[in-house]
Number of protein chains: 2
Amino acid sequence: MSVDNMKIGDLARRAGVSQRTIHYYERLGLISPVAREGASHRLYEEEAFARLEKIAALKRLGLSLEEIQQVIDMYFADADTHLQGKQKVIDILKGQLSKVDVQLGELSEFRRDLIQNIQHMEHLYDDAVPDKRA
Amino acid sequence: MSVDNMKIGDLARRAGVSQRTIHYYERLGLISPVAREGASHRLYEEEAFARLEKIAALKRLGLSLEEIQQVIDMYFADADTHLQGKQKVIDILKGQLSKVDVQLGELSEFRRDLIQNIQHMEHLYDDAVPDKRA
DNA sequence: CACATATCTACACTTGACGTAAGGTTTAGA
DNA sequence: TCTAAACCTTACGTCAAGTGTAGATATGTG
């Protein structure tokens, strides 16, 4: 139907990952080509690119690929897909949410520590190197 | 000097890690016993426990052990230690700070997505299962 | 001192997330 | 149709962050 299909090389370049990574993600069920006959070349459409971007973002948040597999469909599934095991999905999402809240708290605290320490260090630095105005 | 020394088994139990992990962290320079003669048993004081807690917290934020090694001393070092390579430490901290800021942004976005999807799911769920009031 | 635990070192193994290379197949273009 | 480039599968390699285990040593207690 769509005309904007691309092959794995194009997709990999655009998303900034290797082809190997895409193969690997496919084996984990994170992504799949729209069409394929036997061992022919994989063809992808735009959603595949969006998925790779989303996977990268979730990875930066510290999710493992296994965890990502549990939530990625919520970004791309249609209502029909949701109909099976909806309650399970809700539970997973709520679990993720509380983990995220904890992480947000810890991250803010770490941020405060960092700023405080940077200031402390810079203060010490100024004290130790006052000879800058030769 | 202090009287509250503990051995590796106690420390491991309290911190919820294995002894092997503590050995491993020692090899990476993240932690070390207060006293040791040859191959005798390692003795730790309270700071070791605090270090393990801090390491766990930083790990939850997604820092690698190598990155942790770069910042952990800021929590426990005294002023003297700071005196060597202060500017380098400042640079590392500032680098971490900008990474943390990026991560905070992404995490907030992810949180919004999660909440939105949970609401969406619960709406669908209510629609699909109205027979709850038998 | 004897003995039961607790620790010691060293080497090997595991898991997640890929990297790299070999050898064969598909596809696009002249 | 012929060929080069892109892709295919299969399989071994790597790196981080541990975990397992064996055989030797250290330590605390009766």
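Residues numbered from 1 in each chain as written. Chains lettered and ligands numbered in written order. Predicted model: local features only at pLDDT ≥ 70, side-chain atom pairs only at ≥ 80, totals over all residues.

A. Representation of the overall build of chain A within the structure. When helices and strands are counted, chain A shows 7 helices and 2 strands. Reading chain A from its N end, one meets helices and strands in the order β-α-α-β-α-α-α-α-α. Out of the 134 residues in chain A, the part that is buried amounts to 20%. For chain A, restricting intrachain contacts to residue pairs at least 6 apart in sequence, the fraction spanning at least 24 positions comes to 47%. (Helix = DSSP H or I, 4+ residues; strand = E, 2+ residues; numbered from the N terminus. Buried ≥ 20, exposed ≤ 12 C-beta atoms within 10 Å, placed from the backbone. Contact = placed C-beta atoms within 7 Å.)

B. Expanded view of the relation of the copies chain B and chain A. In the superposition of chain B on chain A (RMSD 0.2 Å, axial shift 0.0 Å), the rotation amounts to 179°. Taken together, these values place the two copies in the relation of a two-fold axis. Ranked by how close their C-alpha atoms come to the rotation axis, the residues of chain B are headed by Gly62(B), at 2.9 Å. Here 100% of the contact residues of chain B are again contact residues in chain A; the copies associate through an equivalent surface. (Least-squares fit on C-alpha atoms with pLDDT ≥ 70 in both.)

C. Structural context of the protein's contact with DNA strand C. Contacts to DNA strand C come from 19 residues, most closely from Ser18(A), Ser40(A), Leu65(A), Gly9(B) and Arg42(B). Elements supplying a minimum of two residues to the surface near DNA strand C: helix H2 (19-27) and helix H4 (65-71) of chain A together with helix H1 (8-15) and helix H2 (19-27) of chain B. Of the residues that constitute the surface near DNA strand C, the class distribution is 5 nonpolar, 9 polar and 5 charged. (Near = placed C-beta within 6 Å. Nonpolar A, V, L, I, M, F, W, Y, C, P; charged D, E, K, R; others polar.)

D. Geometry of the packing of helix H1 (residues 8-15) of chain A against helix H3 (residues 46-60) of chain A. All names here are of chain A. Running from N to C, H1 and H3 point in directions that differ by 40°, and their axes come no closer than 10 Å. Of the two elements, H1 crosses H3, and the hand of that crossing is right-handed. Listed contacts from H3 to Leu11, Arg14 and Ala15 of H1 are Ala48, Phe49, Leu52 and Glu53. Tallied by class, the residues present in the contact of H1 with H3 amount to 5 nonpolar, no polar and 2 charged. (Axes fitted to C-alpha atoms, helices over the stretch in contact; angles between N-to-C directions. Left-handed = near helix turned anticlockwise from the far one by under 90°.)

E. Just the nonpolar core, in detail. Core analysis: the largest hydrophobic core is formed by 45 residues, its most contacted members being Ile55(A), Ile68(A), Leu93(A), Ile55(B), Ile68(B) and Leu93(B). Take this core: its biggest share by element is 8 residues, from helix H7 (residues 86-128) of chain A. Every residue in contact with Leu93(B), bar those within four places of it in the chain, is listed here: Leu114(A), Asn117(A), Ile118(A), Met121(A), Val71(B) and Met74(B). (Core = buried A, V, L, I, M, F, W, Y, C linked by C-beta atoms within 7 Å.)

F. Just the interface of chain B and chain A, in detail. Between chain B and chain A, the residue contacts involve 32 residues of the former and 32 residues of the latter. Those elements that place two or more of their residues in the side of chain B that touches chain A are helix H3 (46-60), helix H6 (79-82) and helix H7 (86-128) of chain B. A total of 24 residues in the side of chain B that touches chain A trace back to one element, the largest contributor, which is H7(B). Per-class residue counts for the side of chain B that touches chain A are 20 nonpolar, 6 polar and 6 charged.

G. Inspection of the confidence of the model for chain A at higher detail. In the predicted model, chain A carries a mean pLDDT of 87, and 85% of its residues have values of at least 70. At the low end of the mean pLDDT range in chain A sits helix H6 (residues 79-83) of chain A, at 59; at the high end sits H2(A), at 98. (pLDDT = per-residue confidence, 0-100.)

H. Focus on the protein's contact with DNA strand D. Around DNA strand D, the structure places 20 residues, and the nearest of them are Lys7(A), Gly9(A), Arg42(A), Ser40(B) and Ser64(B). Sorting the residues of the surface near DNA strand D by element identifies H1 and H2 of chain A together with H2 and helix H4 (65-71) of chain B as the ones contributing at least two each. Partitioning the surface near DNA strand D into residue classes produces 5 nonpolar, 10 polar and 5 charged.

I. The environment of Gln119(B), seen in detail. Residues and elements named next belong to chain B. When you line up the elements, Gln119 lands in helix H7. On the basis of neighbour count, Gln119 is assigned to the exposed category, with 12 C-beta atoms found within 10 Å. With 12 residues separating them in the primary sequence, Gln119 and Leu107 have C-alpha atoms 18 Å apart.

J. A look at the environment of Ser98(A). All names here are of chain A. Relative to the assigned elements, Ser98 resides in helix H7. The class for Ser98 is exposed, based on 10 C-beta atoms found within 10 Å. Remark: the alpha-carbon pair of Ser98 and His123, spanning 25 residues in sequence, is separated by 38 Å.

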